[in-house]
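# Structure assessment
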Amino acid sequence: ELAELNFGDVVLTKDQNHLLTRNILKYVENIHIYQENGLPSSRGILLTGPPGTGKTLTCNVIIQDLDSTVIYISRNAIKDTGQITELYELARKLAPTLVIVEDIDTLGGVDREDTDHPLLGEFLNCLAGVEENQGVITLATTNYPQNLDWALADRPGRFDVRIDFGYPNETVRENILIKYLKPLQTKGIKVKEIAKKTEGFSGAYLREIVQQAFISAFEKHDYDAKKVVVTHGDLTESLKEIEKQKAIVNKENRRSGPEVSEQLYG
């Protein structure tokens, strides 16, 4: 069961918000207009970006904001060929339907380098094959768009719109920090200063900075919740600890590939 979320719970840029609204929320709401004008009523949206930048959270928000059928496919949900076809048949029957495919580049355990895998071929056919997906919107996410076959990533009719969830800029980082600090008792925190020092940090890392700062303050006050006040010093100490962890993760990434950071902060 999903926690109750809305668009106030995810920090998006103006462009990201506009593209999601135009191509999913408003598209589903007005899908009959496209059909009446002889236009396709299917749509494909691909969310790309490093782990921890808000793709999954955004999908969860859309699920709760959308008044239609939703079919959610996790990367481990598909085991055999034929399952994707069955899900799209169901999606067409229950249209309007949003099909969400998490981590499309590893769908069903597919190796990121295996572009000829039968599951990917089946997915391509479902997106733009003989059967028209009238009333079906596909929203997929990937941390590694460079590993997707061009037939999947660069073909209108399969994925019409690509929305990049890169690392947040300084203004967005400031807004993310404010969001996570808002429920806490704080004193003397200079959010702009922390935002300046966190270039290249994902939203997940920023959340962890606030989390560790609270844990540290809680500990300093002998775990008395009524006395906990998070200070700028707590946040600065937390940032230093996260920087150490981030350095270790980056080192392991260079040695073992991208999976490590995804496991820690995906």
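All of the points below concern the structure found in this document. (Residues numbered from 1 in each chain as written. Predicted model: local features only at pLDDT ≥ 70, side-chain atom pairs only at ≥ 80, totals over all residues. Heavy atoms only, no water.)

## Examining the overall build of the protein chain
Across its full length, the protein chain holds eleven helices and seven strands. Across the 266 residues that make up the protein chain, the buried fraction comes to 44%. Once local pairs closer than 6 in sequence are excluded, the contacts in the protein chain between residues at least 24 apart make up 76%. Roughly 14,300 Å² of accessible area belongs to the protein chain as shown, and the carbon and sulfur atoms make up 48% of that amount. (Helix = DSSP H or I, 4+ residues; strand = E, 2+ residues; numbered from the N terminus. Buried < 20%, exposed > 50% of the residue type's maximum accessible area, 1.4 Å probe, protein only. Contact = heavy atoms within 4.5 Å. Areas by Shrake-Rupley, 256 points an atom, 1.4 Å probe, with all protein chains shown as cover.)

## A short note on the side chain of serine 202
Relative to the elements of secondary structure, serine 202 occurs in the loop between helix H8 (191–196) and helix H9 (203–220). Since its relative accessible area comes to 1%, serine 202 is described here as buried.

## Looking at helix H7 (residues 170–181)
When the terminal C-alpha atoms of H7 are compared, their 16 Å separation across twelve residues agrees well with the 16 Å that a helix rising 1.5 Å per residue should span. The set of residues buried in H7 consists of Val172, Arg173, Glu174, Ile176, Leu177 and Leu181. Among the residues of H7, the N-terminal cap falls to asparagine 169, whose side-chain oxygen and the backbone nitrogen of threonine 171 are separated by 3.2 Å. (Expected span 1.5 Å × (residues − 1). Polar contact = N/O pair within 3.5 Å; in protein donor to acceptor, adjacent residues only side chain to side chain.)

## Details of the pattern of salt bridges
Applying the stated rule across the entire model yields eight salt bridges. Between glutamate 29 and lysine 26 there is a salt bridge whose closest N-O contact spans 3.6 Å. You can see glutamate 29 and its partner lysine 26 sitting in helix H1 (residues 14–29), three residues apart, about one turn around the helix. For arginine 43, the salt bridge is made with aspartate 160, and the minimal N-O distance between the two is 3.8 Å. Here arginine 43, found in strand S1 (residues 43–48), pairs with aspartate 160, found in the loop between helix H6 (150–153) and strand S5 (161–164); they are 117 residues apart in sequence, far enough to count as distant. Each of the salt bridges in this network shares a partner with another, and the network as a whole consists of Lys220, Asp234 and Glu237. (Salt bridge = Lys/Arg side-chain N within 4 Å of Asp/Glu carboxyl O.)

## Some points on unusual backbone geometry
For the peptide bond that leads from alanine 95 to proline 96, omega is 5°, which places it in the cis range. A positive phi angle is found at aspartate 103, which is not glycine, with a value near 50°. The backbone of aspartate 222 shows a phi angle near 55°, a positive value even though the residue is not glycine. Here aspartate 222 shows up in the loop between H9 and strand S7 (230–231).

## Some words on the sheet that holds S5
With parallel pairing, five strands are arranged side by side in an open sheet as S2-S3-S4-S1-S5. Strands with a single pairing partner mark the edges of an open sheet, and in this sheet they are strand S2 (69–73) and S5. Within the sheet, the average angular offset between the axes of one strand and its neighbour, ignoring direction, is 15°. Bridge analysis of S1 against S5 gives four bridges, and the strand direction is parallel. Across the sheet, residue leucine 46 finds its bridge partner in S5, namely arginine 162. (Pairing = 2+ DSSP bridges. Axes fitted to C-alpha atoms, helices over the stretch in contact; angles between N-to-C directions.)

## Concerning the environment of valine 28
Tracing the chain through its elements places valine 28 in helix H1. Taking the C-alpha atoms as reference points, valine 28 and leucine 66, separated by 38 residues in sequence, lie 8.2 Å from one another.

## Topic: the packing of aromatic side chains
Counting across every chain of the model gives five aromatic pairs. With 5.8 Å between their ring centres and 35° between their planes, phenylalanine 214 and phenylalanine 218 make a pair best called tilted. Of this pair, phenylalanine 214 and phenylalanine 218 are both found in helix H9, four residues apart, which corresponds to roughly one turn of the helix. By relative accessible area, phenylalanine 214 is classed as partly exposed at 29%. Among the aromatic residues, those joined into a cluster by ring pairs are Phe214, Phe218 and Tyr223. Looking at lysine 246, its charged tip hangs above the ring of tyrosine 205, at a distance of 5.4 Å from the centre. (Phe/Tyr/Trp six-rings, centres within 6.5 Å; stacked < 30°, edge-to-face > 60°. Lys NZ or Arg CZ within 6 Å of the ring centre and 35° of its normal.)

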